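Architecture at a glance
Chain by chain, the residues run as shown.
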Amino acid sequence: MKQPNALDCAHQLGLPVLYTFRRCPYAMRARLAIVASGVKVEVRELVLRAKPAHMLEISPKGTVPVLWLPDGTVIDESLDVMHWAVGQNFPADWLVLNAEQQQQCDHWIALLDGEFKRNLDRYKYPHRYHVKTEAETYTCDPLEHRAACEKILAQWNAVLEQQAQQQGQQQGSYLFGSQPSFADYAILPFVRQFRIADQAWFDTAPGYDALKNWLGIFLDSSLLEQAMVKYSPWQPGDTPLTFPG
C-alpha cells in the first residue's frame, strides 16, 4: 500500500477532514447533517476503486464516510458523524425528539440499516448476489427483494399519512410532524436510492402518496442540493477544499 504523505496527515485548514463519496447514501446522510448544522469540514471526495492510503490507515474498514478530527479522533460510522455534526450546532429547523420519539427513531434506523438495506442491495444489484458453484445455483430475484422493501416503506407511508391528517394538510409532513428530524435525514437518502433502482416503476406505483410527497420535498430541497455538490476526486497535494463550499 502506498504510504500517506505529510499533506495527507495534516489538517491544513484546521478543520475536520471528511472522506466521502458523493453517491453513497451513508456518506450522503453524514453530509446532510453537516450542512444542516452549519459546521465546516475539509472535504476529500474519493474514488472507491482507489481509496486514499491515509483513509485506510485511519479507518481500515475502508468505507465512507470517515471524519478525522483535528485532535486525531476518527469517526467512521455515518450515524456517528451525524450525531457529531448536530452535537456541534443543532439545526434550528430540526425537531428535538423526546424520549419516546427517540426510541422510535432508533427502531426505524435499525430497520433501515438492517432489513431494508439488505433487500435494497439485492433489488438494485441482483447480479452481485447470483451464486453458481458445483454445490449451489442461486439466482437473486430483484422483485422479491423489492417487495420486502415495500413492506417497510408502507410503514413509513402510513406514519406520514397520519401526520398529514393530524396537521390537516396533504403534504409537507415528516415522520414526527411538520418539522424534519434526525430520523428523516438518516432514512431519506436510502428511499432516494430505492427510487433510483426503477424510477419509472416507483413514480407510478400506487399507495405511496405520502411517502412520495416526503421524498419529493427532500429531492427539491436546498439542503440536498448543498449536500450533493460535485467535487473532483481528491489527490494528495491538492489544494484543500471546504464543505459546504
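Our structure's up above, just so we're on the same page.
Given the structure is predicted, the values throughout are model-derived calculations rather than measurements.

What counts, and where the lines are drawn
- Residues numbered from 1 in each chain as written.
- Predicted model: local features only at pLDDT ≥ 70, side-chain atom pairs only at ≥ 80, totals over all residues.
- Heavy atoms only, no water.
- Bend = angle between axes of the 7 residues up to and from the residue.
- Helix = DSSP H or I, 4+ residues; strand = E, 2+ residues; numbered from the N terminus.
- Buried < 20%, exposed > 50% of the residue type's maximum accessible area, 1.4 Å probe, protein only.
- Phe/Tyr/Trp six-rings, centres within 6.5 Å; stacked < 30°, edge-to-face > 60°.
- Lys NZ or Arg CZ within 6 Å of the ring centre and 35° of its normal.
- Salt bridge = Lys/Arg side-chain N within 4 Å of Asp/Glu carboxyl O.
- Contact = heavy atoms within 4.5 Å.
- Lys, Arg positive; Asp, Glu negative; His and termini not counted.
- Polar contact = N/O pair within 3.5 Å; in protein donor to acceptor, adjacent residues only side chain to side chain.
- Pairing = 2+ DSSP bridges.
- Axes fitted to C-alpha atoms, helices over the stretch in contact; angles between N-to-C directions.
- Parallel < 35°, antiparallel > 145°, perpendicular 65-115°, else oblique.
- Left-handed = near helix turned anticlockwise from the far one by under 90°.
- Nonpolar A, V, L, I, M, F, W, Y, C, P; charged D, E, K, R; others polar.

Our focus in this paragraph is helix α6 (residues 182-197). Where α6 bends most, at Leu188, the angle is about 30 degrees, and the proline Pro189 comes one to four residues later. Among the 16 residues in α6, 13 count as buried, and that is most of the element.

Our next topic: the packing of aromatic side chains. Summed over the entire model, instances satisfying the criterion amount to twelve aromatic pairs. Summarising the aromatic geometry, the rings of Tyr19 and Trp234 are spaced 6.1 Å apart at their centres and angled 85 degrees between planes, so their arrangement reads as edge-to-face. With Tyr19 in strand β1 (residues 17-20) and Trp234 in the loop between α9 (222-227) and β7 (241-243), the pair connects residues that are 215 residues apart, well separated along the chain. For the pair Tyr19 and Trp234, one class covers both residues: buried. Residue placement shows Lys212 over the ring face of Phe202; its charged tip is 5.8 Å from the ring centre.

Moving on: the pattern of salt bridges. In this structure the tally under the stated criterion is five salt bridges. The shortest N-O distance in the salt bridge between Glu42 and Arg44 comes to 3.3 Å. Between Arg195 and Asp203 there is a salt bridge, with its nearest N and O atoms 2.9 Å apart. Arg195 sits in the buried class, given a relative accessible area of 18%.

Okay, the environment of Val86 next. Relative to the helices and strands, Val86 resides in helix α3 (residues 78-88). Linking Val86 and Phe182, residues 96 residues apart in sequence, is a C-alpha distance of 8.9 Å. If near-sequence neighbours (up to four positions away) are discounted, Val86 is found in contact with Ala33, Ser37, Pro91 and Trp94.

Note that Glu150 resides in helix α5 (residues 142-167). The buried charged residue Glu150 lacks any salt bridge, with Arg146 as its nearest oppositely charged partner at 4.1 Å. At a separation of 2.7 Å, a polar atom in the side chain of Glu150 contacts the side chain of Tyr208. When near neighbours in sequence (up to four residues on either side) are disregarded, Glu150 contacts Phe194, Trp201 and Tyr208.

This paragraph deals with the sheet that holds strand β3 (residues 66-68). For sheets, the rule is that strands pair by backbone hydrogen bonds, running either parallel or antiparallel. In space, the five strands of this open sheet follow the order β4-β3-β1-β2-β7, with mixed pairing throughout. Every other strand in the sheet has two partners, leaving β4 (74-75) and β7 as the edge strands with one partner each. Bridge count for strand β2 (residues 41-45) against β7 is three bridges, and the pairing is antiparallel. Its bridge partner lying in β7, Val43 is registered against Leu241. Strands β1, β2 and β7 of the sheet are contacted by helix α1 (residues 25-37), whose axis makes an angle of about 145 degrees with β1.

Here we take up the packing of helix α4 (residues 99-124) against α6. The geometry of a pair of packed helices is captured by two quantities: the angle between their axes and the separation between those axes. With their axes 10 Å apart at the nearest point, α4 and α6 run at an angle of 15 degrees to one another. In this view, α4 runs roughly parallel relative to α6, as classed from their interaxial angle. Seen along the crossing, α4 lies across α6 with a hand that is left-handed. Residue-level inspection shows Cys105, Trp108, Ile109, Leu112, Asp113, Phe116, Lys117, Leu120, Tyr123 and Lys124 of α4 in contact with α6, the latter providing Phe182, Ala183, Ala186, Ile187, Phe190, Gln193, Phe194, Ile196 and Ala197. Here the residues of the contact of α4 with α6 are counted per class, giving 15 nonpolar, one polar and three charged.

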